[in-house]
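Fold and contact review
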Amino acid sequence: MQIRLENIIFRYSAGVPVLNDISLDIKKGERVALIGHNGSGKTTLAKHLNGLLRPAAGTIRIDGRKTDTESVARLSGIVALLFQNPDDMIAKRRVWDEVAFGPKNLAYPEGRIKILVAESLALFELLPLQDCNPYDLGYSERKRVALASIIAMDTPILVLDEPTAGMDPREIVLLTGALEKLREDYKTVIIISHDMDFIAELVPRVICLAGGKKRFDGLVRQAFQDQSLLAVCGLLQPQIVRLSTYFRQTEPALTPVEFLENWQRRAK
Ligand code: ADP
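Computed from a predicted structure; not experimentally measured. (Residues numbered from 1 in each chain as written. Predicted model: local features only at pLDDT ≥ 70, side-chain atom pairs only at ≥ 80, totals over all residues. Heavy atoms only, no water.)

**Regarding the nonpolar core**
Ile 35, Phe 124, Leu 179, Ile 199, Val 206 and Phe 224 are the most contacted members of the largest nonpolar core, which has 61 residues in total. If one sorts the elements of this core by residue count, helix H5 (residues 139-152) sits on top with seven residues. Built from parts of two domains, this core gets at least three residues from each of domain 1 (1-78 + 157-166 + 185-236) and domain 2 (238-268). By size, the runner-up hydrophobic cluster in this structure holds 26 residues, among which are Leu 34, Leu 75, Ile 78 and Ile 192. (Core = buried A, V, L, I, M, F, W, Y, C linked by side-chain atoms within 4.5 Å. Buried < 20%, exposed > 50% of the residue type's maximum accessible area, 1.4 Å probe, protein only. Helix = DSSP H or I, 4+ residues; strand = E, 2+ residues; numbered from the N terminus. Domains from an automatic or database assignment.)

**Comments concerning the site of the ligand**
Neighbouring residues of the ligand: Tyr 12, Val 18, His 37, Asn 38, Gly 39, Ser 40, Gly 41, Lys 42, Thr 43 and Thr 44. Tyr 12 has a polar side-chain atom sitting 3.4 Å from a nitrogen atom of the ligand. Contact with the protein chains hides 54% of the accessible area of the ligand, taken as 560 Å² for the molecule alone. (Near = heavy atom within 4 Å. Polar contact = N/O pair within 3.5 Å; in protein donor to acceptor, adjacent residues only side chain to side chain. Areas by Shrake-Rupley, 256 points an atom, 1.4 Å probe, with all protein chains shown as cover.)

**Overview of the pattern of salt bridges**
Summed over all chains, the structure comprises 18 salt bridges. For Asp 97, the salt bridge goes to Arg 94, with nearest N and O atoms at 3.1 Å. Residue classification places Asp 97 among the partly exposed positions, given a relative accessible area of 27%. A relative accessible area of 28% means that Arg 94 is categorised as partly exposed. Between Glu 180 and Arg 183 there is a salt bridge, with the nearest N and O atoms lying 2.5 Å from each other. In this pair, Glu 180 and Arg 183 both sit in helix H6 (residues 169-184), three residues apart, roughly one turn of the helix. Taking relative accessible area as the criterion, Arg 183 reaches 43% and is therefore assigned partly exposed. (Salt bridge = Lys/Arg side-chain N within 4 Å of Asp/Glu carboxyl O.)

Here you go:
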């Protein structure tokens, strides 16, 4: 499903807008990162996509249809939003029930719910924990439960707010696998993250916000080579880009594999 934002303005109270004239287009199946300093407006923008917040001015369209009169309940069947903190999402006392909660609210048939829940639990290696109380689990396990719950909703659009925060490297590999499946399923995925290394490896397009304004919308490679943009947006260049630049590679690498390929090309 295509997302189109036109001239979005939003304020929490009277004063400076938190979102200041944001326009953007995201196509079906795209994977886009929303990056920027703390307080730049990323979460506020994400909440506009499923109707949790409504703009003071401007239009949001999903597949050409304006969302201003759509209920949050209807929009949540289209856009699933992972909150930064899993504890803001978890409401049930059993992992299986938690992951089934979204699909049940969307009134999916029982058989489909069972399949979606089992698949999502498996993606995050949660099947052995399916009968546990989420609050008896560690933070990163609860984060995996929240991610599984979002994926089980099987919506065409997913917005993941800081999905890697609090996760160990092995759990990030599980998340990478889940994102690969979403790509194969042609889902649109918007990732808000401060993890520049994760973004450099996995997301081709970035939208950079600073002070509620869109400062850049384009290829991740271009953004991570633009020192003044990174400074305005309060972001650090990914480590692999820094290393690649240090060794004066002609095309700075975004991943360790690219770095090695550059290295081997130069050695020939
Ligand atoms: P980011 O996700 O980029 O860190 P946010 O969208 O969370 O930014 O916040 C943008 C700005 O809006 C910040 O100045 C923040 O303090 C303010 N803000 C966020 N949520 C609220 C709220 N519920 N009430 C008032 N101000 C808020």
